[in-house]
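Given next are the chains, with one letter for each unit.
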There are 4 protein chains.
Amino acid sequence: MQSRTPASRTGRPRSAAADAAILAATREGLVELGWSGLTLSDVAARAGVAKTTLYRRWSGKHELVVDAVAELFDELVLPDRGSLAADIEGVVLQFAAILNRPEAKCGLMGVVAESTRDDALRERVRTSIVERQKRLVLAGRARAQERGELPPEADPEESARTVDLIFDMAAGAVVHRTLVSGKPADEEWARGFTHILLLGLTTPAPNLTPPGKTVS
Amino acid sequence: MQSRTPASRTGRPRSAAADAAILAATREGLVELGWSGLTLSDVAARAGVAKTTLYRRWSGKHELVVDAVAELFDELVLPDRGSLAADIEGVVLQFAAILNRPEAKCGLMGVVAESTRDDALRERVRTSIVERQKRLVLAGRARAQERGELPPEADPEESARTVDLIFDMAAGAVVHRTLVSGKPADEEWARGFTHILLLGLTTPAPNLTPPGKTVS
Amino acid sequence: MQSRTPASRTGRPRSAAADAAILAATREGLVELGWSGLTLSDVAARAGVAKTTLYRRWSGKHELVVDAVAELFDELVLPDRGSLAADIEGVVLQFAAILNRPEAKCGLMGVVAESTRDDALRERVRTSIVERQKRLVLAGRARAQERGELPPEADPEESARTVDLIFDMAAGAVVHRTLVSGKPADEEWARGFTHILLLGLTTPAPNLTPPGKTVS
Amino acid sequence: MQSRTPASRTGRPRSAAADAAILAATREGLVELGWSGLTLSDVAARAGVAKTTLYRRWSGKHELVVDAVAELFDELVLPDRGSLAADIEGVVLQFAAILNRPEAKCGLMGVVAESTRDDALRERVRTSIVERQKRLVLAGRARAQERGELPPEADPEESARTVDLIFDMAAGAVVHRTLVSGKPADEEWARGFTHILLLGLTTPAPNLTPPGKTVS
DNA sequence: ACTTAACCGAGACGGTACGTCAGGTCTTAAA
DNA sequence: TTTAAGACCTGACGTACCGTCTCGGTTAAGT
């Protein structure tokens, strides 16, 4: 969240309740007004807080929304549904469900759009929202390895690359399906997606690529 | 582009040159100012055109940027690189190259962000930008079938679902890699992506895995 | 009215009906929209005429309204009510009646306001609207002289000055009463006004002005 | 000026200096650009103030100019020139001098023109500018009564009517002379005007001349 | 009847100001 | 020192009107 200067000892302390109220008001505003319609004046009014209070804690709309949205995605958990495929489907459906909430799609896409020209913001989005969800991929793989569905890691570097790839594919596909194609990422779709993803992960090395090009 | 009513026979005709100038100015503005920094006043000034002319043809920033960005993605072609895998890699890299251009990422994410609260806009984005690129998937599959890399279609409905799925996965993965993860979608990445995608497509595994069962 | 170039012999002649329609539409527009609300596009539409036609004949809103309003004041006539006082009262009431019509007050004050910074326009207002109403003062005086109520003119220069003064006093008082004070210039008021005006005109020379200052 | 709600105790108080700067800038703008050329953007820029500050205090151009012009006419004073006639001449010349200033004529006629379609505005013009100058008529009469030039009041209602009439005649005549006839309201003219006005006031002629009868 | 030139309607065009609104800073008094 | 309140500057918004222009098409006078 925002940088808290612990050096200040004197004076009136900041209201702790205000933070939560502001973030909730932000999400409420996103639901009703969308990203571009959201104004900090409105957030302040909703939270029963002065605009100054808000600017004292966040540097602007971007950062505020990042924090407000991040809390949403932290709800994701990895369910144990008995198999790797089912676990993947479960996470995908959870992710799709969150992305269906208006505050999530508005807020996320808004900050992503801004982050195309603001590296600091993109980094903040990545660390506050995206990167921390890789825990799901890691946990899923670990559980699959326990079950014997996947072999243990060999090359740690290669392993990290694969996690990134899977993450981009999963998150990207759900976002594109939901926000661009405008169709529901439902169970059937999740099954099809998981099918393709899993086969690629579990099949060692193909012969379809022309000679001279190995894949993994 | 905007709907042209051919019923108007009288009056001064609209300048054809203005359209091109405006769209080019829009892209230029996106490069320099980004989505949120782009103003229609600035576009008009760049294009040497009055603001009213702009509003006469487009209803606002959203629609204008959709048209301006759509022209970028129409540059995509399907190269014949000898195999399905190589073809996919080629298209993915082309797509990544376009998405690396600032006007493309700014503009695309900007309109997508807005479209989360505007169904008409999302439909416009879909038809003007996204949907027409499915031609690449269709052409790639046809060529692969000629080569014998893929079997001919059996169920047309299932086939359409697969095209959609592939498209969401490909477009989504590249976008997420480029814009969120912030890492380059380079040849190595494209190879990994293609590997996973292709195996899933070519392995005749059971498509209907019951929930809770393993896949491979 | 507008300058007509008689040098043009060939080609389609201007529609005579259009002029009248335009002036009528102008007055109609003044009634409904007022001076500042009046637009030439609206006038053109009301008159069933293209904007170009309008600009071909008048150079702008100012001149058009001058012509449109001038026609209103040309309705003034000098009634023969038997005495100078009654004649003055009659004309004053007529003038007040015209000035009560919204198109008259709107239009007149509008062009007068503009004319404070445009000498050519003020001259046009004076010659087209104001000056020609001095005929009423002249006719009234002539009739009073016939009746023997006023002596014949002695000094023609002095006479002209007096006509101007009376005119300014009469027109100014009615305008101020109607438009600024916002009270009706009714019969009682006209009687009071006429009383003061006439006494001053018919009394030869006062002694109230301090020595060394003669009035007439 | 604008109504100040003294109930507001909290928040940053309005800058008092801004008011004066804005009104001065308004007059400056009137001088250079005239009524129709005056824009609130320009006024704001001149006053070194944001447009919003301006709109926060005045509802529009009309009200702003009323206040700006009102200050001009508050400069009028009643000089003691020894006799009623001389006093009247003095005030008339002062009024003419103010009306000769471009900001005064532009502004006054502009708001009067607008007020022909806006009763609230006319009332504002009347109370803020016109009505308060009746003090001059009242003071002049009182002084003349002290001198014995005029008898004391008999009927207070009749007295008020006379004040109104004198005021309409004086103000109207000067305005018409200056702005419509376009000739200077100089000493000679003022003498002539005063002559007529005073005779009417001091001659105890029958006030109720039946219509159709001669006066003198 | 046939030029021919000015006329006409429609409406696009480059400008400019409008009045509103959001962003972000500041100045108060109170807590 | 923080807080609520709200005034402040900046700058874009989308609209409206101005006066000009460019079309296709019309209408008389002069041949």
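Please read these numbers as outputs of a predicted model, since none were measured by experiment.

**Some points on the packing of aromatic side chains**
Residue and element names in this part refer to chain A. Applying the stated criterion to the full structure yields eight aromatic pairs over all chains. Where W189 meets F193, the ring centres are 5.6 Å apart and the plane angle is 10°; that geometry is what we call stacked. Linking W189 with F193, this pair stays in helix α10 (residues 187–202), spanning four residues, or about one helical turn. Exposure remark for W189: the relative accessible area of 7% places this residue in the buried category. Geometry around W35 places K61 over its ring, the cationic atom sitting 4.9 Å from the centre.

**Structural notes on the nonpolar core**
One finds F73, I129 and F193 of chain A together with F73, I129 and F193 of chain B to be the most contacted residues of the largest nonpolar core, which totals 134 residues. Contact partners of I129 of chain A, with chain neighbours within four places excluded, come to V66, V69, A70, F73, L108 and R124 of chain A.

**Remarks on the relation of the copies chain A and chain B**
Each copy superposes on the other: chain A lies on chain B with an RMSD of 0.2 Å after a rotation of 180° and an axial shift of 0.1 Å. Taken together, these values place the two copies in the relation of a two-fold axis. Considering only C-alpha atoms, the part of chain A nearest the rotation axis is G172 of chain A, at 1.9 Å. Here 91% of the interface residues in chain A have copies in chain B that are interface residues too; the copies meet face to matching face.

**Examining the interface of chain A and chain B**
Facing the 64 residues of chain A at the interface are 62 residues of chain B. Summed over both sides, the interface between chain A and chain B buries roughly 5,400 Å², with carbon and sulfur atoms accounting for 64% of that surface. Run the count over chain A and chain B and you get six salt bridges. Here R161 of chain B ties to E188 of chain A by a salt bridge, and the two come within 3.1 Å at their closest N and O atoms.

**Notes on the protein's contact with DNA strand E**
Around DNA strand E, 42 residues are found, and the nearest of them are T53 and R57 of chain B, T53 and R57 of chain C together with Y55 of chain D. Contacts to DNA strand E include S15 of chain B, whose backbone N or O atom sits 2.8 Å from a phosphate oxygen. R57 of chain C places a side-chain nitrogen or oxygen 2.5 Å from a phosphate oxygen of DNA strand E. At the level of elements, α3 (51–57) of chain A, α3 (51–57) of chain B, α3 (51–57) of chain C together with α2 (40–47) and α3 (51–57) of chain D are the ones that each hand at least two residues to the surface near DNA strand E. Partitioned by chemical class, the residues of the surface near DNA strand E number eleven nonpolar, 18 polar and 13 charged.

**Focus: the interface of chain D and chain C**
The interface of chain D with chain C comprises 63 residues on the first partner and 64 residues on the second. In total, chain D and chain C occlude about 5,400 Å² of area from one another, counting both sides; carbon and sulfur atoms represent 64% of this. Area buried by chain D at its contact with chain C is led by R117, D168 and I196 of chain D, which between them contribute 12% of it. Here chain D and chain C share six salt bridges between them. Across the salt bridge formed by R177 of chain C and D168 of chain D, the nearest N and O atoms sit 3.9 Å from each other. Between the two partners, chain D and chain C, sit 14 residue pairs in polar contact (both at pLDDT 80 or more). Those elements giving two or more residues to the side of chain D that touches chain C turn out to be α1 (16–37), α5 (84–100), α6 (102–115), α7 (119–130), α9 (156–181) and α10 (187–202) of chain D. Residues that form the side of chain D that touches chain C fall into these classes: 27 nonpolar, 20 polar and 16 charged.

**With respect to the pattern of salt bridges**
All names here are of chain D. Going through the model one piece at a time under the given rule, you end up with 103 salt bridges over all chains. When the shortest N-O distance is used, the salt bridge between R46 and E28 registers 3.0 Å. Taken together, the residues R46 in helix α2 and E28 in helix α1 connect sequence positions 18 residues apart. For R143, the salt bridge is made with D80, and the minimal N-O distance between the two is 4.0 Å. Placement of the pair is R143 in helix α8 (residues 134–147) and D80 in the loop between α4 (61–73) and α5, with a sequence separation of 63 residues.

**Some words on the environment of A50 of chain D**
Looking at the secondary structure, you find A50 of chain D in the loop between α2 and α3. Taking the C-alpha atoms as reference, A50 of chain D lies 9.8 Å from L40 of chain D; in sequence the two are ten residues apart.

**A closer look at the relation of the copies chain D and chain C**
Mapping chain D onto chain C leaves a residual RMSD of 0.2 Å; the transformation is a rotation of 180° accompanied by 0.1 Å of translation along its axis. In this assembly the copies share their binding face: 92% of the residues contributing to the interface of chain D also contribute to that of chain C.

**A word on α2 of chain D**
Residue and element names in this part refer to chain D. Inspection of α2 places L40, V43, A44 and A47 among the buried residues, and these make up the whole buried set. Down the axis of α2, the buried side of the element spans an arc of 100°, and every buried residue falls inside it. Looking at the buried positions of α2, the neighbouring elements they touch are α1, α3 and α4.

**Comments concerning the UniProt feature "DNA-binding region" (unreviewed entry) in chain A**
With numbering aligned to this structure, UniProt lists the feature "DNA-binding region" (unreviewed entry) at residues 39–58 of chain A. In this annotation, residues 39–58 of chain A is assigned 75% helix and 0% strand; the end-to-end C-alpha distance for the span is 14 Å.

**Some details on the packing of helix α6 (residues 102–115) of chain C against helix α7 (residues 119–130) of chain C**
Helices that pack against each other are described as a pair by the angle of their axes relative to one another and the distance between those axes. All names here are of chain C. At their nearest, the axes of α6 and α7 sit 8 Å apart, and the two run at 145° to each other. Both α6 and α7 take part in a crossing whose hand is left-handed. In this structure, α6 contributes L108, V111, E114 and S115 to the contact, and α7 contributes L121, R122, V125 and I129. Taken together, the residues of the contact of α6 with α7 break down into five nonpolar, one polar and two charged.

**Concerning the protein's contact with DNA strand F**
The full set close to DNA strand F counts 41 residues, and T53 and R57 of chain A, Y55 of chain B together with T53 and R57 of chain D are the nearest of them. Residue R12 of chain B places a side-chain N or O atom 3.2 Å away from a base oxygen belonging to DNA strand F. Within the backbone of G48 of chain D, a nitrogen or oxygen atom sits 3.5 Å from a phosphate oxygen of DNA strand F. Counting residues per element, the ones that place at least two in the surface near DNA strand F are α3 of chain A, α2 (40–47) and α3 of chain B, α2 (40–47) and α3 of chain C together with α3 of chain D.

Cut-offs and rules
Residues numbered from 1 in each chain as written. Chains lettered and ligands numbered in written order. Predicted model: local features only at pLDDT ≥ 70, side-chain atom pairs only at ≥ 80, totals over all residues. Heavy atoms only, no water. Phe/Tyr/Trp six-rings, centres within 6.5 Å; stacked < 30°, edge-to-face > 60°. Helix = DSSP H or I, 4+ residues; strand = E, 2+ residues; numbered from the N terminus. Buried < 20%, exposed > 50% of the residue type's maximum accessible area, 1.4 Å probe, protein only. Lys NZ or Arg CZ within 6 Å of the ring centre and 35° of its normal. Core = buried A, V, L, I, M, F, W, Y, C linked by side-chain atoms within 4.5 Å. Contact = heavy atoms within 4.5 Å. Least-squares fit on C-alpha atoms with pLDDT ≥ 70 in both. Buried area = accessible area lost by both parts, 1.4 Å probe. Salt bridge = Lys/Arg side-chain N within 4 Å of Asp/Glu carboxyl O. Near = heavy atom within 4 Å. Polar contact = N/O pair within 3.5 Å; in protein donor to acceptor, adjacent residues only side chain to side chain. Nonpolar A, V, L, I, M, F, W, Y, C, P; charged D, E, K, R; others polar. Arc of directions from axis to C-beta. UniProt positions renumbered as here; feature names shortened; annotations may be inferred. Axes fitted to C-alpha atoms, helices over the stretch in contact; angles between N-to-C directions. Left-handed = near helix turned anticlockwise from the far one by under 90°.

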